[in-house]
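Residue-level structure breakdown
In case you want the letters, here they are:
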Amino acid sequence: MEDEHEPTDAERTHDEELAGEIDEDETVERERAVDDAELREFEERIKDSDAYDVEAEVFDEPTLRALYKLVSDGHVRAVGGVVSSGKEANVVEADGADGEVALKIYRVAASSFDDMRKYLEGDPRFEGARSKKELVVEWVRREYSNLHRASEAGVNVPEPVAHERNILVSEFVGEDGVRAPQIREVEIENPETCYEVVVGYASRLHDAGIVHGDLSEYNLLVHDGEVVVIDMGQSVDVKHPRADDLLENDCKNVARFFSSLGVGTSRDEVLKRVTG
Ligand SMILES: Nc1ncnc2c1ncn2[C@@H]1O[C@H](COP(=O)(O)OP(=O)(O)OP(=O)(O)O)[C@@H](O)[C@H]1O
Ligand SMILES: [Mg+2]
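Scope of this entry: the structure provided in the associated data block. Since the model is a prediction, treat every value here as computed from it, not as a measurement.

Within the first shell, the magnesium ion (ligand 2) binds the protein through Asn219 (OD1) and Asp231 (OD), at distances of 2.2 Å. Within this pair, whereas Asn219 is found in the loop between strand S8 (210-211) and strand S9 (220-223), its partner Asp231 is found in the loop between strand S10 (226-229) and strand S11 (236-237), the two being separated by 12 residues in sequence. Relative accessible area serves as the criterion here: at 6%, Asn219 is assigned to the buried category.

Around ligand 1 there are 18 residues in total, and Gly86, Lys104, Val173, Gln182 and Asp231 lie nearest to it. The contact in question runs from a nitrogen atom of ligand 1 to an N or O atom on the backbone of Glu171, over 2.9 Å. Between ligand 1 and Asn219, the relevant distance is 3.0 Å, taken from an oxygen atom to a side-chain nitrogen or oxygen of the residue. About the coverage of ligand 1: the protein hides 84% of its 610 Å² of free accessible area. Contributing elements (two or more residues each) for the shell around ligand 1: strand S2 (89-96), strand S3 (99-106) and strand S5 (167-171). Class assignment of the residues belonging to the shell around ligand 1 gives a composition of eight nonpolar, five polar and five charged. Two domains each put at least three residues into the shell around ligand 1: domain 1 (37-178) and domain 2 (180-275).

Cut-offs and rules
- Residues numbered from 1 in each chain as written.
- Chains lettered and ligands numbered in written order.
- Predicted model: local features only at pLDDT ≥ 70, side-chain atom pairs only at ≥ 80, totals over all residues.
- Heavy atoms only, no water.
- Donors = N, O, S within 2.8 Å, 3.2 Å for Na, K, Ca; no water.
- Helix = DSSP H or I, 4+ residues; strand = E, 2+ residues; numbered from the N terminus.
- Buried < 20%, exposed > 50% of the residue type's maximum accessible area, 1.4 Å probe, protein only.
- Near = heavy atom within 4 Å.
- Polar contact = N/O pair within 3.5 Å; in protein donor to acceptor, adjacent residues only side chain to side chain.
- Areas by Shrake-Rupley, 256 points an atom, 1.4 Å probe, with all protein chains shown as cover.
- Nonpolar A, V, L, I, M, F, W, Y, C, P; charged D, E, K, R; others polar.
- Domains from an automatic or database assignment.

Structure, rendered in structure tokens:
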């Protein structure tokens, strides 16, 4: 028998935030409710989108069903083009109910199960065997929740809109289908100010009990003169066993990037500011 791990308050709060437990039966029933003809018709519509041409394999059958649900619920109106094509996920621009949205579509088959598990393991709900699909669904739900927490804490992140299976919907950072550049791709006029903003964000996240876990010049976008923090699937609670290592690494990345722009700082300086 495995020991029953009694969740700490922090874990419990985090659990509660990840509202809406997966109900497999409900999902299966809902999937059946969408009849095939309806789905094929929807697929024909999606096929007209740029994303479908570029990356037809993004929309495998279960992903198509998830997208169909998001359309039915009014979160997505039309699908645009692929703005980023990565190992784990594709990001697609789309029209939402209220302007442009980004669809981060995880590839279930290609997801690195072991990596995801390492982050999820600090949470008692993830003990025991879980399928790859369940891990990805959980990951997406977590990313949604983390963005929500970050936004509440006053950090500039894309507002999370919805999530369904392997698809996360959030506010699109960019304009007219063109994604905003990453901070490493732009010329920063005032690195010192920008550094202060980023350290401020990391500090607010920390105060809110979250460590980003992959904070770097790749996950900071610049839009309308503001820095936007993205990519929070791997973010963990400060009580997570890996939190300290991840935080040190985040601070190291921030210090390295801004030092390269001439800002006098170090990993320990950033760490002190973030945790102080
Ligand atoms: N909400 C968004 N609005 C606009 N562009 C986005 C948004 N989210 C992500 N992107 C774009 O997609 C890229 C990848 O997104 P993200 O960093 O969240 O995924 P990732 O897990 O790092 O994926 P990969 O493995 O592909 O790098 C970002 O660098 C950014 O250019
Ligand atoms: Mg990223």
